[in-house]
Amino acid sequence: MKKQTVLPFLVAVLVLSLACQTLTNPGSQASPTPPILFSTPETPAPQTGSAQLAGLTYATYDAGTDSNQLWQIGSDGKAVVIAENSYADFSPDGAQAAYINFDSQCSWLLDYEKKEAKPLDCTGSNNPDFFELDEVAGWATGQSDTLFMLFKKSFGMGGGTGYFGTLSTSTGEKKIFDNQHAVSTVLPSPDGRTVLFSNLDFAALYTIGGETQPIDPGQYKLAEFKLAYPAWSPDGKTIAWGMMNKDGDLKYAIGIIDPQTKTAKILHPHSPSLSPAYADGPIAFTPQMASPKPIWSPDGQWLVLEAEIYSENQNNSQKESWVIRADGSTENKLDGKFLNWSPDGQWVLYFKPLPNTPAKADLMAARPDGTNPARITEVTNDEFLTQAVWSPDSKHLLLRDGETVSLTEAGSWQLNSISGTEIPPDARLVKWLSNFPIPYAQLTILPPPTPSAASDFSCPTAPPIRLSVGATGRVTYTDGQTIRLRSAPEAGDNVIDQLPEGTEFEVIDGPVCTPRIDRTDAFVYWKVKVPTRNGISGWLAEGTFNAYFIEPWP
């Protein structure tokens, strides 16, 4: 999904969740552990923008330092840094932003009203935690101090896949809601009160203050399809899924489910076909095949279905895009590849490839029903090289093709070049915002959390500790065997109970490092209290380098 190196072209994708920004122009106050969040950039400052682009955000990238900055053009036409990390996820009111520094494995909260930046949780390589931070998925507006998160295990799990949980912005406490299902999608609803987490074989909904409810495709009569790429409707009442049948003749469709009524409807079930230019064999299921992707219009009236189909010998593929009314009454196929929606949902932007020059395309705009198609200009046929950002009122479109930057008015589509005067040549357009609620001010960098006493603990012949006094945990699910609860932190004739897998406990003392008899390694012991076993207390070994016997929970 990302992580160590942020390539320039990824910057736009990773900050599209910005909802409402404010500005600051911080100084260069040092921080004990993490890098400076806000400072005077070492690279030359970008050129001054004009007032007509006020609110536009863009990102710059320095390959030499592997760093990126997020800028915003103010109402005075001047650009200032608003974040030195392009992963920043802003709260709906724009007063706060959160992101993860993957070098230090610290999550940071930027509070623009308090004018401070504070680390929430640090689980870096020097202190491997059972669940490391992997992605800020969104803000829980129904619980003002909570972030929806994707966590990953410290060992054996790559970026982009993890477990759904939450992180408190007030205390830094993290909570894992389901560590039995590794998911790739954590998707908050528009109102921030419900979150969908899923992978190709599992999906569930969690509502703040409620329970987790699995989504069973069979309950919606969709069991014959493989579901992927879920997308909440703008009103948060339904969820659209890209669907592909599991066997038989290839078919694509969009499925829209209503979690409240437990009903679903299928839009645009069809068997795609390759054009003669790509058809070097019949269409068949291949390892590359993926379900189509549904994309809602901002007004919730339409959906775009994006699909990519492959020939049987996998030598060629072709992308297609359909625009479908949400009630299924109207649909039309774009003669090109979808790029984006205007904020008001009244325009569809797409690439129309040039017949004899596939590297080039006409940038087209049309109404969702296919009427009023208009050619804007010829561009590079690549959504990463050609960037198009709408003004918040949908009246203007800012276009970048290579180093050429132009501004056009929707409807007339007459381009006015502003290259070299408004935005740095190497910048990446991100989003055009409508207001500036945050004052230009410096953020005070707060120090990382004070290490606990356990952080100074050393037991080099045992695996890294993952528990601490005051935490809660449970016996891990491994081989079905029980674990010995001992009266002392050592092996011997001192077993007082056998705890089955899943038994939960409270950590009340420890850790103690005890070398194992006639071995070169050691056990780390924790004293625990077990409420479900009449409150008995005793010592548990944490585990070996091959497997942990106990784990933090939840």
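How each quantity is defined
- Residues numbered from 1 in each chain as written.
- Predicted model: local features only at pLDDT ≥ 70, side-chain atom pairs only at ≥ 80, totals over all residues.
- Heavy atoms only, no water.
- Helix = DSSP H or I, 4+ residues; strand = E, 2+ residues; numbered from the N terminus.
- Core = buried A, V, L, I, M, F, W, Y, C linked by side-chain atoms within 4.5 Å.
- Buried < 20%, exposed > 50% of the residue type's maximum accessible area, 1.4 Å probe, protein only.
- Disulfide = S-S within 2.5 Å.
- Pairing = 2+ DSSP bridges.

Undergrad: Any chance you could break down unusual backbone geometry for me, citing the residues and the numbers?
TA: Note that the residue after glycine 510, namely proline 511, is joined by a cis bond; omega there is 0°. Positioned with a positive phi, lysine 115 is a non-glycine residue whose angle comes to about 60°. Relative to the helices and strands, lysine 115 is located in the loop between β6 (106-111) and β7 (116-122). In this structure, tryptophan 413 is a non-glycine residue whose phi angle is positive, near 60°.

Undergrad: Please give an account of the nonpolar core that cites residues and values.
TA: Counting 18 residues, the largest nonpolar core has Leu70, Phe90 and Leu110 as its most contacted members. When contributions to this core are tallied by element, the ones reaching two or more residues are β3 (79-83), β5 (96-101) and β6. Among the nonpolar cores identified, the runner-up in size contains 17 residues, and Ile483, Leu499, Phe505 and Val530 belong to it.

Undergrad: How would you explain the state of the cysteines if you had to name every residue and give the values?
TA: What makes a disulfide is a covalent bond joining the sulfur atoms belonging to two cysteines. Summed over all chains, the structure comprises one disulfide. Paired through a disulfide, cysteine 459 and cysteine 513 show a sulfur-sulfur distance of 2.0 Å. On the S-S bond that ties cysteine 459 to cysteine 513, the torsion sits near 60°, and the link is right-handed. Placement of the pair is cysteine 459 in the loop between β33 (444-445) and β34 (472-475) and cysteine 513 in strand β37 (residues 504-515), with a sequence separation of 54 residues. In this structure cysteine 459 comes out as buried when scored by relative accessible area, which is 10%.

Undergrad: Account for the sheet that holds strand β4 (residues 89-90), naming residues and giving values.
TA: Strand order in the open sheet formed by five strands is β4-β5-β6-β7-β33, and the pairing between neighbours is mixed. One side of each edge strand has no neighbouring strand; the edge strands of this open sheet are β4 and β33. Where β4 lies against β5, two bridges are found, and the strand directions are antiparallel. By the bridge assignment for β5, aspartate 89 is matched with alanine 98.

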